[in-house]
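# A closer look at the structure
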Amino acid sequence: MRYIDERGQSGSARHRGAAFVVLSAAIAFALLGATPTIAAAAAEPDAPAAAAPGDPTAPLAITSPASDTLFPTASVTISGTKDVTGRVEVQSLAGGDPYCSITAGTTWTCSFAAPTGRNTVTVFQRFEGESTPDEARITIRVLPAPTITGKSPIVTTGVISGTGFPGSGIVLSGSAVGDCPGIVQPSGYWSCPLAVSASGDYPISARQTWANNDSEPGGASGTVIVRVDKDPPAYPVFTQPTAGEYPVGGAMVFSGTGESGARVDVFVDGTLVCSSSVGGGRWSCAAQLGGGSHNVQGIQWDAAGNPSGASPGIPISVAVAAPPVAPAPTAPKPGSTVTPPSPITTTPVPVPEPSPSQNTAEAPISVPTFPFFPPPVGGISGLDPLDTWATPTEYGAAIPTVESTGTGNAWLWGLALGVGFILLVAMPLRLALGALRSRFPRHYFARDHSRLTASELPQLRPRLTLVGAIGAAAVLAALAGGIQGEVRYLRLAIAITIALLVLNGVAVAITTTLASRAVGGESRIRLVPGFLAIAAITALISRGGGIQPPVIVGVVVAASFVTGLGARPRGLVATTQLLVTMILGVGAWLAHSALGPVAGLLPSLASETLASLCIAAIGSAVIMTLPVSRMPGRLIFEWSPVAWVAVALVAATLAGVVIAGGATFPVQWLIGLALASSAVCLALWAWIRLIEPSFGSRVAVHPQPARSH
């Protein structure tokens with residue numbers, strides 16, 4: 001039963017009305033309260049809304065650089081984004097103080113110096129009141145410029161070195177440096193040989209590459225001047241001691257002159273006794289010597305590290321100390337009483353044991369020296385004689401390089417020496433031998449060894465004779481530079497033998513045979529003992545005078561033509577032979593210069609073979625141009641004197657540049673010897689041709705009366 005009020009309305013209707021009124025009032029109040037906020041928002045549309053508690057923060061990010069980027073310097077810059085309320089810290093994975101700490105803004109940048117190599121950098125974003133920060137990581141690589149050891153200008157023999165990051169490759173930049181095969185060793189050291197064969201100044205810089213990969217270059221060093229010095233210094237000069245006898249006692253003082261900035265090592269009987277630096281052109285050191293005969297030598301090392309080779313020995317004799325003479329006992333007087341001496345009590349003196357730091361090594365074996373001869377050009381290796389297969393002998397090291405002859409007046413001097421050879425040696429010798437030929441018609445000089453009949457023509461049978469002659473010439477060529485009891489000189493003898501086989505086989509045998517057939521003639525190859533005699537004389541002079549490069553004659557055979565072949569074809573064959581000989585020498589010179597300094601068995605064998613072929617071919621060409629006896633030069637001269645002058649001038653000029661152009665070659669002695677030879681030959685010619693006939697005519701005009709018996 002529903003309840004109805006006095007107005008006749010039920011109770012449920014009244015309740016619904018009250019609820020509607022309350023709801024309407026609440027909506028109106030809410031609308032009226034929100035109106036100021038909406039208006040304010042409309043008036044200020046750009047004002048940011050405050051973040052309510054629990055809203056997400058902006059994430060930490062690294063935007064630059066890309067991961068594993070390679071930096072060519074130690075200075076590194078990384079950047080990224082962050083939350084406006086966060087604090088960013090950049091730190092190495094190895095720990096320590098942070099590189100940077102940034103709080104302002106929503107972006108960040110950090111620059112710092114990173115160590116060389118691969119680095120992992122950690123970036124943290126921290127918030128006030130929070131213990132766990134945001135974290136981001138990046139890997140970078142740092143490869144700054146390598147260092148070049150030394151202060152510009154760096155003096156060296158052709159090798160530069162420095163430090164860098166282990167495992168990196170080294171790339172050189174500059175003039176004529178070539179490709180450097182250097183890799184930085186685990187110790188951080190690197191070295192590179194320069195591809196230069198001439199002394200001079202070269203601007204060079206170095207760059208590292210990551211893991212020896214040229215496509216990932218690192219930093220480059222600044223340019224330095226590298227002063228290449230490949231020229232060995234002169235022997236050190238001893239002013240003290242001089243040859244003679246010296247009393248025993250006290251230290252022997254060694255002194256002399258040298259190249260400033262160099263070092264002089266003094267050897268006595270092959271043992272290093274003292275060293276001294278050269279200052280102001282002078283040096284001095286001292287050492288204690290025992291009694292007896294000694295041989296004093298020195299080696300000078302210039303600032304680049306080039307050795308001079310051992311200087312000529314200075315024989316000295318140190319007097320042997322005489323044993324002390326005990327006083328003679330006096331006889332006692334008659335009737336006197338002799339009191340026996342009281343016994344002497346001696347206290348032994350303790351001798352301390354040698355400390356480990358004292359030098360207890362055995363003295364090196366002394367190197368035997370020969371009187372009147374300087375030490376070998378290869379010097380003293382200091383190694384076991386059987387361990388020197390790969391040790392260079394420096395044979396041919398004094399040959400100037402092709403590049404070094406392109407500067408200065410090398411070719412003008414060579415041309416002057418060529419003219420001097422023709423005027424002072426070749427022509428006077430031809431005049432003298434021609435006069436001897438006419439004076440002694442049955443003498444050896446009167447015979448034409450190049451024009452023989454087929455029946456009397458001697459031939460090389462057996463071939464063992466030829467091999468023996470070439471072997472003898474090789475031994476003479478090796479002795480010209482000096483040898484020691486080491487197997488590297490056996491390798492040198494093999495190299496010289498190869499060179500002489502090529503020279504005699506190609507320049508004489510093959511060339512003469514083919515050229516003779518080309519002109520319609522016939523020739524035979526015959527051994528010439530006179531060539532071996534000339535080779536022995538030049539080897540003796542080179543060895544005794546210390547001439548480097550040595551003057552050697554490697555041709556031991558010559559061509560003889562069957563009678564009936566004219567002067568022109570014989571001259572053409574001889575000209576071809578000499579041209580091929582000079583081409584072999586020049587080719588070996590070019591190859592030897594291109595090969596440069598070497599080390600190792602096969603490279604040393606190749607270098608010594610080329611050096612031997614160069615000096616043997618050019619030296620033989622000069623001898624064979626002489627217009628005398630059985631020389632090819634006489635055949636050319638009889639055919640065409642003009643052609644002979646041209647060929648002789650070319651051969652002598654080459655010899656003047658390649659052989660006499662060495663820094664230690666005694667050109668003054670060569671000129672003096674040429675003048676003396678010219679004087680002797682002209683005097684002999686004048687006596688036979690001019691003076692002796694006048695004496696004969698006087699005797700015929702004024703006959704002496706016969707004696708009466």
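Residues numbered from 1 in each chain as written. Predicted model: local features only at pLDDT ≥ 70, side-chain atom pairs only at ≥ 80, totals over all residues. Heavy atoms only, no water.

Attention shifts here to the overall build of the chain. From N to C terminus, the chain includes 10 helices and 27 strands. Taking all 709 residues of the chain together, 38% fall into the buried category. Taking all contacts inside the chain whose residues are at least 6 apart in sequence as the whole, residues at least 24 apart take part in 70%. Only carbon and sulfur atoms are counted for the fraction: they give 64% of the accessible area of the chain, which is about 39,000 Å². (Helix = DSSP H or I, 4+ residues; strand = E, 2+ residues; numbered from the N terminus. Buried < 20%, exposed > 50% of the residue type's maximum accessible area, 1.4 Å probe, protein only. Contact = heavy atoms within 4.5 Å. Areas by Shrake-Rupley, 256 points an atom, 1.4 Å probe, with all protein chains shown as cover.)

Turning next to the sheet that holds strand β17 (residues 237-240). Spatially, the 3 strands line up as an open sheet ordered β17-β19-β22, and their pairing is antiparallel. The open sheet has two edge strands with one neighbour each: β17 and β22 (282-287). Put simply, the sheet's adjacent strands are angled 30 degrees from each other on average, direction ignored. Pairing between strand β19 (residues 252-257) and β22: 6 bridges, direction antiparallel. Bridging across to β22, Met252 finds its partner in Ala287. (Pairing = 2+ DSSP bridges. Axes fitted to C-alpha atoms, helices over the stretch in contact; angles between N-to-C directions.)

Right, let's get into the sheet that holds strand β4 (residues 87-92). The strands making up a sheet associate through backbone hydrogen bonding, with each pair oriented either parallel or antiparallel. Pairing in this open sheet of 5 strands is mixed, and the strands run β2-β8-β7-β4-β5 from one edge to the other. A strand with exactly one partner marks an edge of an open sheet, and here the two such strands are β2 (69-71) and β5 (100-102). For this sheet, the mean angle separating the axes of adjacent strands, direction not counted, is 30 degrees. Pairing of β4 with strand β7 (residues 117-126) involves 6 bridges; the strand directions are antiparallel. Opposite Gln91, over in β7, you have Thr122 as the bridge partner.

Before going further, it helps to spend a moment on the side chain of Gln577. Examined against the element boundaries, Gln577 turns out to sit in helix α6 (residues 567-595). Look at Gln577 and you get buried, because its relative accessible area is 4%. Apart from residues no more than four positions distant in its own chain, Gln577 is found in contact with Ala507, Val508, Thr511, Thr512, Met624 and Pro632.

All right, on to the pairing of strand β13 (residues 189-193) then. Residues Trp190 and Cys192 of β13 are buried on one face, while the alternating residues Tyr189, Ser191 and Pro193, pointing to the opposite face, are not. In terms of strand pairing, strand β11 (residues 159-163) meets β13 through 5 bridges, oriented antiparallel. Bridging from a neighbouring strand, Ile160 pairs with Cys192 of β13.

The pLDDT averaged across the chain works out to 78; a share of 76% of its residues lies at or above 70. The model gives residues 1-22 a pLDDT under 50, and that stretch makes 8 contacts with residues more than four places away or in other chains. Of the regions scoring below 50 in pLDDT, residues 27-54 engages in 0 contacts with residues more than four places distant in sequence or in other chains. (pLDDT = per-residue confidence, 0-100.)

Core analysis: the biggest nonpolar cluster contains 77 residues, and Ile496, Leu500 and Leu503 have the highest contact counts within it. In terms of residues, this core owes the most to one element, helix α7 (residues 601-624), which gives 11 residues. The contacts of Leu503, once residues within four sequence positions are left out, are Val508, Gly554, Val555, Thr581, Leu584, Leu613, Ala616, Ala617 and Ser620. (Core = buried A, V, L, I, M, F, W, Y, C linked by side-chain atoms within 4.5 Å.)

Turning to a nonpolar patch on the surface, a few remarks are in order. The grouping of Trp389, Leu490, Ile494, Ile498, Val502, Val506, Ile510, Leu514, Leu601 and Leu602 at the surface amounts to a nonpolar patch, some 860 Å² of accessible area in total. Counting only elements with at least two residues in the nonpolar patch, the list comes to α4 (487-518) and α7. With 7 residues, α4 is the single largest residue contributor to the nonpolar patch. With respect to the element layout, Trp389 can be found in the loop between β24 (314-318) and α2 (410-439). (Patch = residues over 30% accessible without salt bridge, like charges linked within 9 Å, V, L, I, M, F, W, Y side chains within 5 Å. Salt bridge = Lys/Arg side-chain N within 4 Å of Asp/Glu carboxyl O.)

With respect to burial, helix α8 (residues 632-639) is a largely interior element, 6 of its 8 residues being buried. All of the buried residues along α8 are Pro632, Gly633, Arg634, Leu635, Ile636 and Phe637.

Attention shifts here to the pattern of salt bridges. Counted by the stated rule, this structure contains 12 salt bridges. Between Glu486 and Arg488 there is a salt bridge, and its shortest N-O distance comes to 2.5 Å. For Glu638, the salt bridge goes to Arg634, with nearest N and O atoms at 2.6 Å. Here Arg634 and Glu638 lie together in helix α8, a separation of 4 residues that amounts to about one turn. A residue is classified by how much of its surface remains accessible, and Glu638, at 35% relative accessible area, is partly exposed. Sharing partners across several salt bridges, the network here consists of Asp68, Arg118, Arg141 and Glu216.

Time to look at the packing of α4 against α7. Orientation of α4 relative to α7, taken along the N-to-C sense of each, is 45 degrees, at an axis distance of 8 Å. Classified by the angle their axes make, α4 and α7 are oblique. Where α4 crosses over α7, the handedness of that crossing is right-handed. For the pair α4 and α7, contact is made by Arg491, Leu492, Ile494, Ala495, Ile496, Ile498, Ala499, Leu500, Val502 and Leu503 and by Leu601, Ser604, Leu605, Glu608, Thr609, Ser612, Leu613, Ala616, Ala617 and Ser620, respectively. Here the residues of the contact of α4 with α7 are counted per class, giving 14 nonpolar, 4 polar and 2 charged. (Parallel < 35°, antiparallel > 145°, perpendicular 65-115°, else oblique. Left-handed = near helix turned anticlockwise from the far one by under 90°. Nonpolar A, V, L, I, M, F, W, Y, C, P; charged D, E, K, R; others polar.)

Running from amino to carboxyl end, α6 crosses helix α9 (residues 641-658) at an angle of 20 degrees, the nearest separation of the two axes being 11 Å. The angle between α6 and α9 places the two elements in the roughly parallel class. As α6 packs across α9, the resulting crossing turns out to be left-handed. Between α6, through Thr575, Leu578, Met582, Val586 and Trp589, and α9, the contact on the second element is made entirely by Val647, Val650, Ala651, Leu654, Val657 and Val658.

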